[in-house]
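Read off the chains here:
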Amino acid sequence: MDTATADPTVTGDGAGRTGGRRRFGAWCAGLLFTGVSVVVGCRTAGTDGVTPVPQLLAFLPWLLVPTAAGLLFTLVARWWTGAVWGVALLGLLAWFIEPYGKTGDPAGPPVAELRVLTSNVEFGQATGALIDAVRREEPDVVFVQECEYTCDAALKRELADAYPHREAVEGGGSEGSVVLSRFPLRATDGVPGTMGMPGAVADVDGHPVRLQLAHPMPPLPGQVDLWQRELGRLRDAAAAGRETPTVLAGDFNASQDHAAFRRILDTGLRDAARLAGADRTPTWPSRTTPAFGTQIDHVLVSQDFAATRARFLTLPNTDHRALVVDLTLHA
């Protein structure tokens, strides 16, 4: 018997199996790269696309995982054109992972300190935990999303002495929102939306500061247009008040990889978490953070502010982490 011909590595069957493995590897790599390319292409073009692209854009840094897996498949398949494709995708992802928006220190001298806390309490379920966090952290202004009737009543009952000033949009489920303040408030029209987005102007040690709560609809399948419209209204509100120091905070249901959110930053607002060195720290879903998630809860500030510290609080009974930032207002 000729042992050479019996060796499967040199028989036709062996060559067929090797070719089959290579074809399988190339197909797997191609499928992975195609999916990633659609999302990265929309990010490059500055559009949020259609479902499922907006949902995947929220987790854009995690697309490094399927891209790396695709590169491994190209090695198995010895598909060098695919390897170049994968390397190009890795380069684009690395580029887009860099923080977006302006930075820089305010020009004038500091005139006031301001601590801000924002929290989505998920249909009011985390109200008790939020009250404890507020007493512990002692913020000056509190933005609360999904604060339904019982949450609103609890905040009035437990925090009215420390926070005598408030603006709210009452509602059930996810529709209610509240802004609490140690500083006197003058109500503004807020921003219209499916869920409440109240606004006010605070008198911070004699300096007017515009406060606006953000809570647009999430980009659910079939409701991406509504999500974009409500983020667009927030963008218009941010652009309309550039002459007044501004704090725009809440659950934006969007990350820096969404074009609709970047348009808000393009008005000149800056992400306080980024200024404090905590960009891309995940806030949702809290059950998997910080190992996995995306930052969709933000405190955006005008160039009148510096941010010295940002902290993320895990509260029970809500799928969002709360965000606390220390701000300094400059003249």
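Above this text you will find the structure in question.
Attention here is on the structure that accompanies the text.

## Quick look at the side chain of S119
As for its placement among the helices and strands, S119 is situated in strand β1 (residues 110–120). Beyond its immediate chain neighbours, meaning those up to four positions away, S119 contacts L130, F143, V144, Q145, L315 and A322.

## Regarding the sheet that holds strand β7 (residues 207–214)
The six strands lie next to each other as β5-β6-β7-β8-β10-β9, forming an open sheet whose pairing is mixed. The open sheet has two edge strands, β5 (185–187) and β9 (270–271), and neither has a second partner. Note: β5 against strand β6 (residues 199–204), three bridges, orientation antiparallel. Pairing of A187 across the sheet is with A200, part of β6. Against the sheet, helix α8 (residues 224–240) contacts β7 and β8 (246–251), and its axis sits at roughly 175 degrees relative to β7.

## A look at the sheet that holds strand β3 (residues 165–169)
Read across the sheet, six strands follow the order β3-β4-β2-β1-β12-β11 without closing on themselves; strand pairing throughout is mixed. In the strand order of this sheet, the two ends are held by β3 and β11 (305–313), each with one partner. Taking each pair of neighbouring strands and ignoring which way they run, the sheet shows an average axis angle of 15 degrees. One ladder, built from five bridges, connects strand β2 (residues 141–145) with strand β4 (residues 177–181); its direction is antiparallel. Note that in β4 the partner of V144 across the bridge is V178. Strand contacts of helix α7 (residues 149–159): β2, β3 and β4, with the helix running at about 10 degrees to β4, the strand carrying the most contacts.

## Section: the packing of helix α4 (residues 64–77) against helix α5 (residues 80–97)
Relative to each other, α4 and α5 sit at 160 degrees, their axes nearing to 9 Å. Accordingly, the angle class assigned to the pair α4 and α5 is roughly antiparallel. For α4 against α5, the interelement crossing comes out left-handed. Contact residues: L64, T67, L71, T74 and L75 in α4; W80, G82, A83, G86, V87, L89, L90, L93 and I97 in α5. Here the contact of α4 with α5 is composed, by residue class, of 10 nonpolar, four polar and no charged.

## Some remarks on a nonpolar patch on the surface
Together, W62, V65 and F292 give the surface a local cluster of nonpolar side chains, amounting to about 270 Å² of exposed area. Locating W62 in the fold gives a position in the loop between α3 (53–57) and α4.

## Re the state of the cysteines
Across all of its chains, the model carries one disulfide by this definition. Linked covalently through their sulfurs, C147 and C151 form a disulfide whose S-S length is 2.1 Å. Classification of the bridge connecting C147 and C151 rests on its S-S torsion, roughly -100 degrees, and on that basis the disulfide is left-handed. The class for C147 is buried, based on a relative accessible area of 2%. We classify C151 as buried; its relative accessible area is 0%.

## Regarding the side chain of T294
Looking at the secondary structure, you find T294 in the loop between α10 (272–275) and β10 (297–301). For T294, the contacting residues outside a window of four places in its chain are A58, F59, S255, P282, T283 and W284.

The rules behind the values
- Residues numbered from 1 in each chain as written.
- Predicted model: local features only at pLDDT ≥ 70, side-chain atom pairs only at ≥ 80, totals over all residues.
- Heavy atoms only, no water.
- Helix = DSSP H or I, 4+ residues; strand = E, 2+ residues; numbered from the N terminus.
- Contact = heavy atoms within 4.5 Å.
- Pairing = 2+ DSSP bridges.
- Axes fitted to C-alpha atoms, helices over the stretch in contact; angles between N-to-C directions.
- Parallel < 35°, antiparallel > 145°, perpendicular 65-115°, else oblique.
- Left-handed = near helix turned anticlockwise from the far one by under 90°.
- Nonpolar A, V, L, I, M, F, W, Y, C, P; charged D, E, K, R; others polar.
- Patch = residues over 30% accessible without salt bridge, like charges linked within 9 Å, V, L, I, M, F, W, Y side chains within 5 Å.
- Areas by Shrake-Rupley, 256 points an atom, 1.4 Å probe, with all protein chains shown as cover.
- Salt bridge = Lys/Arg side-chain N within 4 Å of Asp/Glu carboxyl O.
- Disulfide = S-S within 2.5 Å.
- Buried < 20%, exposed > 50% of the residue type's maximum accessible area, 1.4 Å probe, protein only.

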